[in-house]
Amino acid sequence: MPNEVAGRDAIPSALDRSHFGFSESLASQSLIMDILAPPRIVCRRRTGRQAFTLVELLVVIAIIGLLVALLLPAVQAAREAARRTQCASNLRQLAVAMQMYQDANKILPPASVRRTVGSDRTRFSSAFVCVLPYHEEEAAFEAWNFRASADLGTNTAIVKRPLAIHRCPTMTNLEVFGDVSSGGYCENHALPSSYALSTGTYYHGRVEYYGSSPADLPRNKLVHNGAFVQHGPGYYSVGLDDIATADGTSNTILLGEMAMKILNYDQDPCYKGGNTQWAIAYPSQALASTAGVFNTDYNAGQDLEAFRSDHENGVYLAFCDGSVRFIDEMIDARTLNALATRDGEENVEGF
């Protein structure tokens, strides 16, 4: 093939106008120029795209809304799973603190520490106070006044300070309500907490305690049949060794959740849904039992001190062996009571 450029230059001399039958007209000149001219590049101007139409915008919003609706439950479930894990970890740490106290003293701490004298009616300190040094709260323990009420005097600053180990992240109503201003009725009230000690199956120990003064009780007569006991003179407690040789530490509840979820609780203007408080050794505050309805949200008599949680369908309980298990709210009441007693000799399986 001849060189394109050379061929192009040679065309004017090589063309025989007469051979082609062309005249020296403007038309023939124009045709020759069109043949010789390089091909023209046709450029088209791009037109700018118009904005989204209303229909397109609505479709995009609908898709985003659908994605959010699909992802939100998964995100909420993941967050709740993390909260449940933290809640179980708190119970585990408190159970280990009790075991450390047992190792040091060869016995569990008493349900209530009564060191007041005379006829002074005092809100006694709970076993949770005794184990403060075993979960990095040595300073609070050293500052604690066991001869004063658990929520008054120098103890007020301690119980008003939120302790993360006593607060389940899922639990609601974790603040004091009512008049918390200086001089207000709720000013010195302890912050609510999430966990309570197991005293067994008795409600408030009334079966054996009330109707007689503490001095009338035999020294070896224990009011409660759970891991923690509240009783008369001597302030005896039980040890994990005693529980291990009786019902077994893996089958005996040590402590568990007690959420502020009681819908009809209105006795105290400073709290809503309950009055759980870790330092005060009193039923429905730091002491719990299985006398009421398990995981209830309504108080019909003895339910205020029942184990309950803000988790769905069950409650976390810590056992005397240090394990923490999620107990279904539909557990048989007889099985739950068997787990609450320390030496009932019940055969507990498959709970």
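Residues numbered from 1 in each chain as written. Predicted model: local features only at pLDDT ≥ 70, side-chain atom pairs only at ≥ 80, totals over all residues. Heavy atoms only, no water.

*Asks:* I'd like to hear about a nonpolar patch on the surface, residue by residue, with values.
*Replies:* Side chains of Val55, Val59, Val60, Ile63, Ile64, Leu66, Leu67, Val68, Leu70, Leu71, Leu72 and Val75 sit close together on the surface and give an oily, nonpolar patch of about 1100 Å² of accessible area. Along the polypeptide, Ile64 turns up in helix H4 (residues 54-105). Since its relative accessible area comes to 49%, Ile64 is described here as partly exposed. (Patch = residues over 30% accessible without salt bridge, like charges linked within 9 Å, V, L, I, M, F, W, Y side chains within 5 Å. Areas by Shrake-Rupley, 256 points an atom, 1.4 Å probe, with all protein chains shown as cover. Salt bridge = Lys/Arg side-chain N within 4 Å of Asp/Glu carboxyl O. Helix = DSSP H or I, 4+ residues; strand = E, 2+ residues; numbered from the N terminus. Buried < 20%, exposed > 50% of the residue type's maximum accessible area, 1.4 Å probe, protein only.)

*Asks:* So, the state of the cysteines: which residues are in play, and what are the values?
*Replies:* For the structure on display, the rule yields 1 disulfide. Between the sulfur atoms of Cys186 and its disulfide partner Cys270 the distance amounts to 2.0 Å. Note on the Cys186 and Cys270 pair: the S-S dihedral is about -90 degrees, so by sign convention the disulfide is left-handed. On the criterion of sequence distance, the pair formed by Cys186 in the loop between helix H7 (156-159) and strand S3 (195-198) and Cys270 in the loop between strand S4 (253-257) and strand S5 (287-288) is long-range, its members being 84 residues apart. No difference in accessibility class separates Cys186 from Cys270, as the two residues are buried. (Disulfide = S-S within 2.5 Å.)

*Asks:* Run through helix H9 (residues 333-340), naming residues and quoting values.
*Replies:* Looking at H9, one finds that the buried residues are Leu336, Ala338, Leu339 and Ala340. The N-capping residue of H9, defined by a side-chain oxygen 2.9 Å from the backbone nitrogen of Arg334, is Asp332. (Polar contact = N/O pair within 3.5 Å; in protein donor to acceptor, adjacent residues only side chain to side chain.)

*Asks:* So what about the pattern of salt bridges? Which residues, and what values?
*Replies:* Scanning the model with the defined rule gives 4 salt bridges in all. We note a salt bridge from Glu137 to Arg161, for which the minimum N-O separation is 2.9 Å. On the criterion of sequence distance, the pair formed by Glu137 in the loop between helix H5 (127-130) and helix H6 (138-143) and Arg161 in the loop between H7 and S3 is long-range, its members being 24 residues apart. Given the relative accessible area of 17%, Glu137 is considered buried. In this structure, the salt-bridge partner of Arg334 is Asp332, at a minimum N-O distance of 3.1 Å. When its relative accessible area of 67% is taken as the criterion, Arg334 is described as exposed. For Asp332, a relative accessible area of 34% translates into the label partly exposed.

*Asks:* Any chance you could break down the environment of Tyr298 for me, citing the residues and the numbers?
*Replies:* When you line up the elements, Tyr298 lands in the loop between S5 and strand S6 (314-319). Each C-alpha atom of the pair Tyr298 and Asn264 lies 6.1 Å from the other, and the pair is 34 residues apart in sequence. Filtering out sequence-adjacent residues up to four positions away, Tyr298 remains in contact with Ile262, Asn264 and Asp303. (Contact = heavy atoms within 4.5 Å.)

*Asks:* Go over the pairing of S3 with me, naming the residues and quoting the values.
*Replies:* Sheet analysis places S3 next to S4, joined by 3 bridges and oriented antiparallel. Bridge pairing in S4 links Ala196 to Gly256. Where S3 meets S5, 2 bridges bridge the pair, whose relative direction is parallel. Across the sheet, residue Ser198 finds its bridge partner in S5, namely Ala288. (Pairing = 2+ DSSP bridges.)

*Asks:* Any details on the sheet that holds strand S7 (residues 324-328)? Residues and values, ideally.
*Replies:* Read from one edge of the open sheet, 5 strands run S5-S3-S4-S6-S7, paired in mixed fashion. The strands lining the two open edges of the sheet, one partner per strand, are S5 and S7. Across 3 bridges, the pairing between S4 and S6 is antiparallel. Across the sheet, residue Ile253 finds its bridge partner in S6, namely Phe319. Of the strands in this sheet, S3, S4, S6 and S7 are in contact with H4, which crosses S4 at around 145 degrees. (Axes fitted to C-alpha atoms, helices over the stretch in contact; angles between N-to-C directions.)

*Asks:* With reference to specific residues and values, describe a negative patch on the surface.
*Replies:* On the surface, a cluster of negative charge is made up of Asp241, Asp242, Asp343, Glu345 and Glu346. Assignment of secondary structure puts Asp241 in helix H8 (residues 240-245). (Lys, Arg positive; Asp, Glu negative; His and termini not counted. Charge placed at Lys NZ, Arg CZ, Asp CG, Glu CD.)

*Asks:* An account of the pairing of S6 is needed here, citing residue identities and associated values.
*Replies:* Counting buried positions along S6 yields 6 of 6 residues, so the element is predominantly enclosed. Of the two faces of S6, the one carrying Gly314, Tyr316 and Ala318 and the one carrying Val315, Leu317 and Phe319 are both buried. With 5 bridges joining them, S6 and S7 adopt antiparallel strand pairing. Each bridged residue has a counterpart across the sheet, and for Gly314 the counterpart in S7 is Asp328. Linking two consecutive strands that pair antiparallel, namely S6 and S7, is a turn of 4 residues; a positive phi of about 95 degrees is found at Gly322 within it.

*Asks:* Tell me what's going on with the nonpolar core, and back it up with residues and numbers.
*Replies:* If you look at the biggest cluster of nonpolar residues, it comprises 53 residues, and the most contacted ones within it are Met98, Phe128, Trp144, Phe228, Leu254, Leu255 and Trp278. Mapped by element, the contributors of at least two residues to this core are H4, H5, H7, S3, H8, S4 and S6. It is H4 that provides the largest number of residues to this core, a total of 8 residues. Within the second largest apolar cluster, 16 residues are counted, among which are Ala288, Phe294, Ile331 and Val348. (Core = buried A, V, L, I, M, F, W, Y, C linked by side-chain atoms within 4.5 Å.)

Note that every value here comes from positions in space, so none of it alone points to a role or purpose.
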